[in-house]
Amino acid sequence: MRIETIAVHAGAHVDPGTGAVTPAIHPSTTFERDADGSYPRGFLYSRNSNPNRSALEECLAALEGGEAAAAFASASAATSAILLTLRPGDHIVAPIDAYHGTLRLLRETFAGWGLDTTFVDMADTAAVRAAIRASTRLILVETPSNPLWKITDIAAIGEIAGEAGALYVCDNTTATPVLQSPFNLGADLVLHATTKYLGGHGDVLGGVVVSRTRDARFDRIRAVQASGGAVPSPFDCWLVRRGIRTLPYRVRAHCENALQVATFLHGHPRVEVVHYPGLPTHPAHDVARRQMTAFGGMVSVQVRGDQARAMEVAAKLRVFTRATSFGGTESLVEHRASIEGAGTRTPENLLRLSVGLEHPDDLIDDLGQALS
Ligand SMILES: *Cc1c(COP(=O)(O)O)cnc(C)c1O
């Protein structure tokens, strides 16, 4: 089935007891046992599993074409669960421009537990190959990457992971399963912040690990989920599942708007450079065309001038709201360097735009007046 049909139907079943078409929310933490002590309906205690979570996991696995999925209270919890299946002394190769929270998790938390990470530019396959050690157990990629929307050739890095015998994890948050299918390009696990486009309305935090195969590795992630307990609430699961129903249509509109915004900014005299994989001037536009069906809703722009000028432009925007995160219906703008703080690699004149679902002409008018 096509992704639009999967988004509407996967894990969504008419309730046999009531005939309700829209799923109920099950806040119950505990579930009845039979007289013989068994749980014939499969649910025991809500940290282990819950009907809303199971429905969401079934849907997320289907969207990515994986065999199994484990949902978490945030993508950071999902990332942690993957890392907790490694052992002290194991080596990781991760993108130098990975999501800010992932970098902090690797540098500040897991380094102290004996996981050693080499951070590389994933666009440079020779550098990735050179970073591999005998102890390399995991390679993480994230594409398009934040906030320069660099493109990693998922299949090329997958070959290196295969040769190294390392687990290959792709953070597919910015592309979504609508635009990119990492399992078809060699990934073993796909990671998502459902907080972003999957939830889609800026009202729920969540993460998921989807596994290509239901194997021993996935069982260990499932065990971390149940015993670590960083699980999403039934209502959170219900909200993400509800958001997914319209995912393919929303993502298409985000992409169309973002391309128009990027094209407008690209020709603007007060703009130094626009970062968007859909522009033919993007250094990896060809790779993006090969592995994505469209180029996403995120655009970054370096204005002519310094940090103060970038902040001034952000302050003049009226339709864009100054806030972090992305993937909701409303357009957001963020000066990344100042929120990333000391040691950031982000240019000081860069503004990151999450292009929302407003009319593109209103977004372009707003950017035009703010830049003038
Ligand atoms: C937001 C984000 C995360 C973290 O998501 P949380 O739900 O906030 O933990 C991880 N990876 C990417 C690419 C993200 O954009």
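The rules behind these values
- Residues numbered from 1 in each chain as written.
- Predicted model: local features only at pLDDT ≥ 70, side-chain atom pairs only at ≥ 80, totals over all residues.
- Heavy atoms only, no water.
- Helix = DSSP H or I, 4+ residues; strand = E, 2+ residues; numbered from the N terminus.
- Rg over C-alpha atoms; globule rule 2.2 N^0.38 Å.
- Buried < 20%, exposed > 50% of the residue type's maximum accessible area, 1.4 Å probe, protein only.
- Contact = heavy atoms within 4.5 Å.
- Salt bridge = Lys/Arg side-chain N within 4 Å of Asp/Glu carboxyl O.
- Near = heavy atom within 4 Å.
- Polar contact = N/O pair within 3.5 Å; in protein donor to acceptor, adjacent residues only side chain to side chain.
- Areas by Shrake-Rupley, 256 points an atom, 1.4 Å probe, with all protein chains shown as cover.
- Nonpolar A, V, L, I, M, F, W, Y, C, P; charged D, E, K, R; others polar.
- Pairing = 2+ DSSP bridges.
- Domains from an automatic or database assignment.
- Buried area = accessible area lost by both parts, 1.4 Å probe.
- Phe/Tyr/Trp six-rings, centres within 6.5 Å; stacked < 30°, edge-to-face > 60°.
- Lys NZ or Arg CZ within 6 Å of the ring centre and 35° of its normal.

(A) Focus on the overall build of the protein. Across its full length, the protein carries 14 helices and 12 strands. In terms of overall size, the protein behaves like a compact globule, its C-alpha atoms giving a radius of gyration of 21 Å where 372 residues would be expected to give roughly 21 Å. C-alpha atoms of the protein, sized along the principal axes, occupy 75 × 55 × 35 Å. Sorting the 372 residues of the protein into buried and exposed places 53% on the buried side. Long-range pairs, those at least 24 residues apart, make up 70% of the contacts in the protein between residues at least 6 apart in sequence.

(B) Fine view of the pattern of salt bridges. The tally for this structure, following the rule as stated, stands at 14 salt bridges. A salt bridge links Arg41 to Glu32; the shortest N-O distance between them is 3.9 Å. Its relative accessible area of 63% is what places Glu32 among the exposed residues. Residues Arg53 and Glu57 are paired through a salt bridge, measuring 3.8 Å at the closest nitrogen-oxygen approach. One end of the pair, Arg53, and the other, Glu57, are both in helix 2 (residues 51-64), four residues apart, so they sit about a helical turn from each other. The pair formed by Arg53 and Glu57 is uniform in burial state, with each residue classed as buried. A network of salt bridges, in which partner residues are shared, links Glu334, Arg336, Glu340 and Arg352.

(C) Looking closely at the site of the ligand. Taken together, Ser74, Ala75, Ser76, Tyr99, Glu142, Asp171, Thr173, Ala193, Thr195, Lys196, Gly206 and Phe326 form the complete shell of residues around the ligand. Within the backbone of Ala75, a nitrogen or oxygen atom sits 2.9 Å from an oxygen atom of the ligand. Asp171 is positioned such that a nitrogen or oxygen atom in its side chain is 2.8 Å from a nitrogen atom of the ligand. Bound to the protein, the ligand loses 93% of the 390 Å² it would expose on its own. Each residue belonging to the shell around the ligand can be placed in one class, and the counts come to four nonpolar, five polar and three charged.

(D) Spatial organisation of the sheet that holds strand 11 (residues 332-334). On the basis of which strands lie adjacent, the open sheet formed by five strands has the order 8-9-12-11-10 and mixed pairing. Strands at the two margins of the open sheet, each flanked by one partner only, are strand 8 (271-275) and strand 10 (321-322). Direction of pairing for strand 8 relative to strand 9 (residues 298-303): antiparallel, over a ladder of four bridges. For Val273, the partnering residue across the bridge sits in strand 9 and is Gln302.

(E) Inspection of the domain arrangement of the protein at higher detail. Parsing the protein into structural domains produces domain 1 (3-244) and domain 2 (247-371). Taking the mean C-alpha position of each, domain 1 and domain 2 sit 26 Å from one another. On the side of domain 2, 37 residues touch domain 1, which itself brings 36 residues to the contact. Carbon and sulfur atoms make up 62% of the area that domain 1 and domain 2 hide from each other, which totals about 2900 Å². When residues of domain 1 are sorted by the area they lose upon contact with domain 2, Trp149, Leu179 and Tyr197 head the list and together hold 27% of the total. The tally of links from domain 1 across to domain 2 stands at two salt bridges. Between Arg290 and Asp153 there is a salt bridge; the shortest N-O distance is 3.4 Å. Summed over the shared surface of domain 1 and domain 2, the number is 15 residue pairs in polar contact (both at pLDDT 80 or more). Going through the elements one at a time, helix 1 (3-9), helix 7 (176-179) and helix 9 (234-244) are the ones with two or more residues in the side of domain 1 that touches domain 2.

(F) Region of the structure containing the packing of aromatic side chains. This model, assessed by the stated rule, comprises three aromatic pairs. Pairing Phe31 with Phe43 gives two aromatic rings, centres 5.6 Å apart and planes at 40°, and the pair type is tilted. Placement of the pair is Phe31 in the loop between helix 1 and helix 2 and Phe43 in the loop between helix 1 and helix 2, with a sequence separation of 12 residues. Relative accessible area serves as the criterion here: at 18%, Phe31 is assigned to the buried category. With a centroid separation of 6.2 Å and 20° between ring planes, the pair formed by Phe235 and Trp238 is classed as stacked. With a gap of three residues between them, Phe235 and Trp238 both fall in helix 9, about one helical turn apart. Judged by its relative accessible area of 43%, Phe235 falls in the partly exposed class. Against the face of Tyr249 rests Arg252, its NZ or CZ located 5.1 Å from the ring centre.

(G) Inspection of the environment of Gly112 at higher detail. One can find Gly112 in the loop between helix 4 (100-109) and strand 3 (116-120). Its relative accessible area of 66% is what places Gly112 among the exposed residues. Residues Gly112 and Val313, spaced 201 residues apart in sequence, show a C-alpha to C-alpha distance of 41 Å.

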